[in-house]
Structure formats: C-alpha cells, structure tokens
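The chain contents come next:
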Amino acid sequence: MGLRKRWTSRVLLIDGYERLLLFCGRDPRRDGARWWFTVGGGVEDGEDYVRAALREVREETALSLSADRLGPVVWTRNTLFGVDGQGFDQYEEYRVARVTAAEVAAMRVETDEARYGHRWWTVDELAATRETVWPKGMGDLLPPLLGWQEPGPRPPLHLGDFDVDKDNEGGAGPGSCQSPHRPVQVSRRSAPGSGSA
C-alpha cells in the first residue's frame, strides 16, 4: 500500500463547559475499527493552515469563525495510517477555538466526517474512555490548554511520530460510536448531558 502525503489543520473546538467536540470515524475494510478525532482536515492548494482550519470548521459544523478566534499552534503530530485501502503519511497542526453556547446551538454537523456520530467530551470522559481517541492521551493533553486565557508565545508541543496501525492507536475500540456513554461527573462545572449534540 503506497503512502499519500497529507498536511492537515486540526481544531480543538471547546465549548463553554470545557468540552471538546469529536467526530467518530470507521474503516469500512476493517470490521470494528473505529476512532474519535477532532474537527479539521487537509490543507488544500493555495491555503495556509489557518485558512484550512477555518474552512474545515465551516464545512464540518456550519460555523464561520474569523482567524482571530483561532489560537496559535499548540500541538503537532506525524502519523502513518491506513483507511479504506489507502495509506497516509500525515502531518498535523492543532489549534484551539472556543465557541459560545449560541454557536453550539447553531451548529449543523452533517458531514461525511461525522457520519458515524459526534459528541462533546469532558476531560473526565476523555481520561476514562476505553475507546480510541486521536491524539492518544487526550485526557492528559487537554487540561493545560483549558487554563490558557490569553496564550502567549509558546512553542507547540510535538506529540510524536506514530504508525497508527503498529502502535495500536487506530484499532477497534469497544462500543459503538453512536452509543451514548455513561455520563461522568464533571469535576470543574456541571455540564449538560453528553452524547451527540
């Protein structure tokens, strides 16, 4: 299987309850293979990473954010993976964007990327889940970002170089992407019920 090089811009979309929006993906060629991942996708010709991030947010959630709503790059990651018979060599940049309750209510998630489900996750749920979430260790990675009110210039954290299939980062997690999780008590604030928004 040949590898296709991709450059991607990903967005950690955080709501007022400090929950992260994730989509569920599956590999139609591998029974049971499923994972959760952030908003975002490939950088197209003529785009930079910021424009790609804003376009992906608009396409995947129907929200039109301005560039000043995106924070600086907080994480980078290199990953090799295969899906639907195609191999990818992918570089990823992650930025944070916070959204208001009104924006969450106005979201329309009806894209191919979210065909298997989407939901808002609390940090506690991310830390406790047995399902596969990309990037790995999200329950530990996310809390430091939530405390940044005005992030100053900081170097992005490189999460590492992964071969997803060999590192067992993209394997079949238990449960169904569309099944609601048992709610976990939120330690910082009370959040509304989890599940697809």
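Read on for a plain summary of the structure. (Residues numbered from 1 in each chain as written. Predicted model: local features only at pLDDT ≥ 70, side-chain atom pairs only at ≥ 80, totals over all residues. Heavy atoms only, no water.)

A closer look at helix H1 (residues 49-61)
Phase 1: In this model H1 runs 18 Å from its N-terminal to its C-terminal C-alpha over 13 residues, within 8% of the 18 Å that 1.5 Å per residue would give.
Phase 2: By the burial criterion, the buried members of H1 are Ala-52, Ala-53, Leu-54, Arg-55, Glu-56, Val-57, Glu-60 and Thr-61. (Helix = DSSP H or I, 4+ residues; strand = E, 2+ residues; numbered from the N terminus. Expected span 1.5 Å × (residues − 1). Buried < 20%, exposed > 50% of the residue type's maximum accessible area, 1.4 Å probe, protein only.)

A closer look at the environment of Ala-97
Phase 1: Tracing the sequence through the fold places Ala-97 in strand S5 (residues 86-98).
Phase 2: As a C-alpha pair, Ala-97 and Asp-68 span 29 residues in sequence and 9.3 Å in three-dimensional space.
Phase 3: When sequence neighbours within four positions are dropped, the list of residues in contact with Ala-97 reads Val-11, Leu-12, Leu-13, Ile-14, Leu-65, Arg-69 and Leu-70. (Contact = heavy atoms within 4.5 Å.)

As for the pattern of salt bridges
Where charged atoms from two side chains of opposite charge approach closely, those side chains can pair.
Phase 1: A full pass over the atoms with the stated rule returns 11 salt bridges.
Phase 2: Close ionic contact of Asp-89 with Lys-5 constitutes a salt bridge, the shortest N to O distance being 3.4 Å. With a gap of 84 residues between them, Asp-89 in strand S5 and Lys-5 in strand S1 (residues 3-14) connect regions that are remote in the sequence.
Phase 3: With relative accessibility at 25%, the residue Asp-89 sits in the partly exposed group.
Phase 4: Note on Lys-5: relative accessible area 36%, which makes it partly exposed.
Phase 5: Here Arg-77 and Glu-92 are joined by a salt bridge, their closest N and O atoms 2.8 Å apart. One end of the pair, Arg-77, is in strand S4 (residues 73-83); the other, Glu-92, is in strand S5, and 15 residues separate them in sequence. A single burial state applies to Arg-77 and to Glu-92, both of which are buried.
Phase 6: What emerges from the salt-bridge pattern is a single network uniting Glu-44, Glu-47, Arg-55, Glu-56 and Glu-59. (Salt bridge = Lys/Arg side-chain N within 4 Å of Asp/Glu carboxyl O.)

Observations concerning helix H4 (residues 138-146)
Phase 1: Along H4, the positions that sit buried rather than exposed are Met-138, Gly-139, Leu-141, Leu-142, Leu-145 and Leu-146. Summarising the axial view, the buried residues of H4 lie within an arc of 160°, below the 170-degree limit, and thus occupy one face. (Arc of directions from axis to C-beta.)

Considering the nonpolar core
Phase 1: In terms of nonpolar packing, the biggest core is built from 21 residues, with Val-11, Leu-13, Leu-21, Val-39, Val-99 and Met-107 touching the most fellow members.
Phase 2: If you list the elements that add at least two residues to this core, you get S1, strand S2 (20-26), strand S3 (34-42) and H1.
Phase 3: Setting aside residues up to four positions removed in sequence, Met-107 forms contacts with Leu-13, Leu-21, Thr-61, Leu-63, Val-99 and Trp-120.
Phase 4: If you look at the next biggest cluster of nonpolar residues, it comprises 20 residues, including Leu-22, Val-96, Val-133 and Leu-145. (Core = buried A, V, L, I, M, F, W, Y, C linked by side-chain atoms within 4.5 Å.)

Side note on the packing of aromatic side chains
Phase 1: Tallied over the entire structure, the rule returns 4 aromatic pairs.
Phase 2: With a centroid separation of 6.0 Å and 80° between ring planes, the pair formed by Phe-23 and Phe-37 is classed as edge-to-face. Taken together, the residues span a long stretch of sequence, with Phe-23 in strand S2 and Phe-37 in strand S3 at a distance of 14 residues. Of the two residues, Phe-23 and Phe-37, both sit in the buried class.
Phase 3: Relative to Trp-121, the ring of Trp-36 lies with its centre 5.2 Å away and its plane at 75°, an arrangement referred to as edge-to-face. Taken together, the residues Trp-36 in strand S3 and Trp-121 in strand S6 (residues 118-121) connect sequence positions 85 residues apart. The burial state of Trp-36 is the same as that of Trp-121; both residues are buried.
Phase 4: In this structure, Arg-119 packs its charged tip against the face of Trp-121, placed 4.2 Å from the ring centre. (Phe/Tyr/Trp six-rings, centres within 6.5 Å; stacked < 30°, edge-to-face > 60°. Lys NZ or Arg CZ within 6 Å of the ring centre and 35° of its normal.)

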